[in-house]
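Read off the chains here:
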There are 2 protein chains.
Amino acid sequence: MPRQIRLNAFDMNCVGHIQHGMWAHPRDRSMHYTDLDHWVSLAQTLERGLFDGLFLADILGVYDVFDGQPDASLRNAVQIPVNDPLLLVPAMAYATQNLGFGVTCNLTYEPPYTFARRMSTLDHLTKGRIGWNVVTGYLDSAARGMGLAQQPEHDSRYDVAEEYMQVVYRLWEGSWEDAAPLHDRERRLYADPARIHRVKHEGRHYKVDAIHLSEPSPQRTPVLYQAGASARGREFAAAHAECIFVNGQFRHNVRDIVADIRAQAKTCGRDPHDIKVFVGATVVVAPTDAEAQDKLAEYRAYASSEGALAHYSASVGIDFSRYGPDEPIRFVSNNAMRSNLEAITVRSRGSEWTLRKLMQMMVLGSRQAPIVGSPSHVADEMLAWMDEADVDGFNLSRTVVPECVEDFVALVVPELQSRGVMKQAYAPGTLREKLFGRAGRLPPSHPAARCRW
Amino acid sequence: MPRQIRLNAFDMNCVGHIQHGMWAHPRDRSMHYTDLDHWVSLAQTLERGLFDGLFLADILGVYDVFDGQPDASLRNAVQIPVNDPLLLVPAMAYATQNLGFGVTCNLTYEPPYTFARRMSTLDHLTKGRIGWNVVTGYLDSAARGMGLAQQPEHDSRYDVAEEYMQVVYRLWEGSWEDAAPLHDRERRLYADPARIHRVKHEGRHYKVDAIHLSEPSPQRTPVLYQAGASARGREFAAAHAECIFVNGQFRHNVRDIVADIRAQAKTCGRDPHDIKVFVGATVVVAPTDAEAQDKLAEYRAYASSEGALAHYSASVGIDFSRYGPDEPIRFVSNNAMRSNLEAITVRSRGSEWTLRKLMQMMVLGSRQAPIVGSPSHVADEMLAWMDEADVDGFNLSRTVVPECVEDFVALVVPELQSRGVMKQAYAPGTLREKLFGRAGRLPPSHPAARCRW
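Figured I'd write up the structure that's included with this text. None of these values were measured; they are calculated from a predicted model.

## So, the overall build of chain A
On a plain count of helices and strands, chain A comes out with 15 helices and 13 strands. The C-alpha radius of gyration of chain A comes to 22 Å, within 12% of the 22 Å expected for a compact globule of 453 residues. The burial tally for chain A puts 66% of its 453 residues in the buried class. A separation threshold of at least 6 residues defines the contact pool for chain A, and within that pool the share at least 24 residues apart is 78%. Surface accessibility of chain A: about 15,200 Å² in total, with carbon and sulfur atoms responsible for 49%. Put simply, chain A has 49 plus and 55 minus side-chain charges, and the middle of one group is 4 Å from the middle of the other.

## What about the packing of aromatic side chains?
All names here are of chain A. Counted by the stated rule, this structure contains 32 aromatic pairs over all chains. Summarising the aromatic geometry, the rings of Phe245 and Phe278 are spaced 5.9 Å apart at their centres and angled 55° between planes, so their arrangement reads as tilted. Linking Phe245 in strand β10 (residues 243-246) with Phe278 in strand β11 (residues 276-285), this pair joins segments that are 33 residues apart in sequence. Taken as a pair, Phe245 and Phe278 share a single burial class, namely buried. In this structure an aromatic cluster arises from ring pairing among Phe10, Phe55, Tyr225, Phe245 and Phe278.

## So, unusual backbone geometry
Note on backbone geometry: most residues besides glycine have negative phi, and most peptide bonds are trans. Along the chain, Ile80 of chain A connects to Pro81 of chain A via a cis peptide bond; the corresponding omega equals -5°. Following the sequence through the fold, Pro81 of chain A ends up in the loop between α2 (71-75) and α3 (89-94). The omega angle of the peptide bond from Val401 of chain B to Pro402 of chain B is 0°, so this bond is cis rather than trans. In this model, Arg188 of chain B sits at a positive phi of 55°, which is unusual for a non-glycine residue. Its place among the elements puts Arg188 of chain B in the loop between β5 (181-184) and β6 (189-191). Arg188 of chain B gets classed as partly exposed once you look at its relative accessible area, which sits at 34%.

## Quick notes on the relation of the copies chain B and chain A
Laying chain B over chain A is done by rotating through 180° and shifting 0.0 Å along the axis; what remains is an RMSD of 0.0 Å. Between the two chains, the operation in question is that of a two-fold axis. Of the C-alpha atoms belonging to chain B, the one lying closest to the rotation axis is found on Ala91 of chain B, 2.0 Å away. Both copies share a contact surface, since 99% of the interface residues of chain B are interface residues in chain A too.

Reading guide: rules and limits
Residues numbered from 1 in each chain as written. Chains lettered and ligands numbered in written order. Predicted model: local features only at pLDDT ≥ 70, side-chain atom pairs only at ≥ 80, totals over all residues. Heavy atoms only, no water. Helix = DSSP H or I, 4+ residues; strand = E, 2+ residues; numbered from the N terminus. Rg over C-alpha atoms; globule rule 2.2 N^0.38 Å. Buried < 20%, exposed > 50% of the residue type's maximum accessible area, 1.4 Å probe, protein only. Contact = heavy atoms within 4.5 Å. Areas by Shrake-Rupley, 256 points an atom, 1.4 Å probe, with all protein chains shown as cover. Lys, Arg positive; Asp, Glu negative; His and termini not counted. Charge placed at Lys NZ, Arg CZ, Asp CG, Glu CD. Phe/Tyr/Trp six-rings, centres within 6.5 Å; stacked < 30°, edge-to-face > 60°. Least-squares fit on C-alpha atoms with pLDDT ≥ 70 in both.

Honestly, it's all geometry; don't read function into it.
Have a look at this one:
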């Protein structure tokens, strides 16, 4: 059987996510992000299309590098306003049976004791369909919201993250034994105290002395997502992640990164294919190539270059408002730089880049060039990515919602199924079981397994 | 028109809440607390019964004063395991139209910047039906989970709370003007940066320099609940709370407390009736008094004295496991003492109390004696409370679920309606509009109003 494609929808509890300006399109409904019906309807469409998951990004802070202020971001709704992603999951979980939910939470601002309970709660309520995208944050504006002058330095954030993972693993895996919940009405014993262990941790950054507040949930540790692409980020991902998000314009670049992460995973004693890699993509599909190009042109009329630049300025820490159209852009490695590859393809081209070129590249309101065409063309492109870049699937950004998702489900999914690369039905069990086709707990090679009682 | 009764259901995302042991009853379904269907069904029943709200308690930590360990609490599921309450709200809100949701969040462990966003998100998703029960926590076991040796001292926690309120009021009320969201597709302007203000706060406990991440929600500030009954707690409640929970066995005691809080509210420049007071109660109702007594006897067979004592030990900071049945109990004022009246009625009796008397008083698994009888008797008792103690309504604890709620809705609600003291339909608008019959924003006399842009 050919390798089975994995599909995530990529979204965020806000108006403008990746492709900026689309909210102004007359048929777009992203302004309804404050309405639960909007999200439930999205989740049901995704489940109809057998998507593995809905992945919810998040950011604390506002993009204020462009022109040194947040105004462009606010005018164009560039990930601001942005509401809490976790709170969307329960309503969508209630209305679906199989769709997974990957949620971004910044560990820097979530104490491990209460965060571990939040995730256990969601794992219970979704019956084992929750994932956590581990991020450490990169915005100084968020740090200022939280009472710090600026973000901690990049590598030290990963040291904090390593310690944080040890604490939450111990709470999820080590506090309650499987046999601790008794639920025994006859003997009137709900749980067996002898099988519930206090987690004592006293480290450099965290100190915990408590039992986990939640009884064991279906997956215990949520499915772990990560998007770090810096050297330190990849090292972290290779050790901990079960799903990785990568971005890149060229398959050979992404292939190198994927190979590196899989090799590092092997060094950590893990099976390199215990990590599913999702590449970011945007699809504009219609019954024919010509219709798809027409649709792209129609969408493109709403793309916001100001929004795209406001976002990109924050990602790479460069104020593009200070550049003339043909002035060479000086890319420099920067502490504020997003650690998920955003800058890498651009940096490799060095001083060739100008604002004019950059804006031409921003077809739909971001640097992510869309795959445009008939279902057959889109499927060809997706399979070429899987073959040539060794990715397991895609993290699909939205354009005009909900029609972009409806189009994909109606046109591309059947095409992928007819080629034998996409499931005809969901596998049973938890998100981890569905993704990896085996037991719901992390395998012994994963560091969480070493934190069991 | 006679004063209209207000009804809250009192619950918690756990197995044993107030009346301990009931989970072992063959018809009880509180073990299904990890299932969204359980909660959605509860919310729909409450809405059918025109309840004003569902109030969700929470506790971080475990009751470990009894016998110096958490074992009795774990055996009897005494508020442990306990899952996150916030995550229940979205699914229940999706399945209802009018029911309000009051949720307990401990501000000690929630940074104001991210907490303000969580509440704004819920206010959006519920279309203005969210309330926040402001607590500062009282368990040393929670403090140890969060990396502290013990809870901060009681009064200083209220100082922190005062500053915290200033910060979140400014985020909710002062950051985005009403006219800031433009949502203008034509001009492609989502928001007006000139009408969005950065909140700069540098105080003793908090430092924030950020715009609020969420655009204005229907209520902006959630409806504010409070349960503090200490001198400092009442002072805080009189200044901030819109709804207050009180507990007490005797109407004259509660009447004094209510009078004191209303008088203090007046001193703060507020209308004393801008505070709705809910008294905790447990009801066992059946078509006739005799049937209700039979039902009580049936329930009572499952009441857990061990569970009740484990809970009460933590509430008052006394290890009851060390007392013989007839040894006088020495109640002392204690820093760990719950600040919501739990100890007051007992303390006033001084050394008269013994374990034997205490356990006789714990009819259904707590010190809250149930109101037992026919619908007419229950309504008489409830109205006597309203008349004699000047309370606005009730915070109804669960016994055997869901039948306790179904019984109340089927039997007591129609009785109250027939007496003209209970609404026949929900009022329109947000939770605040429904409760106070006026505009959804806090009135100018409330301290939040002084934090507007």
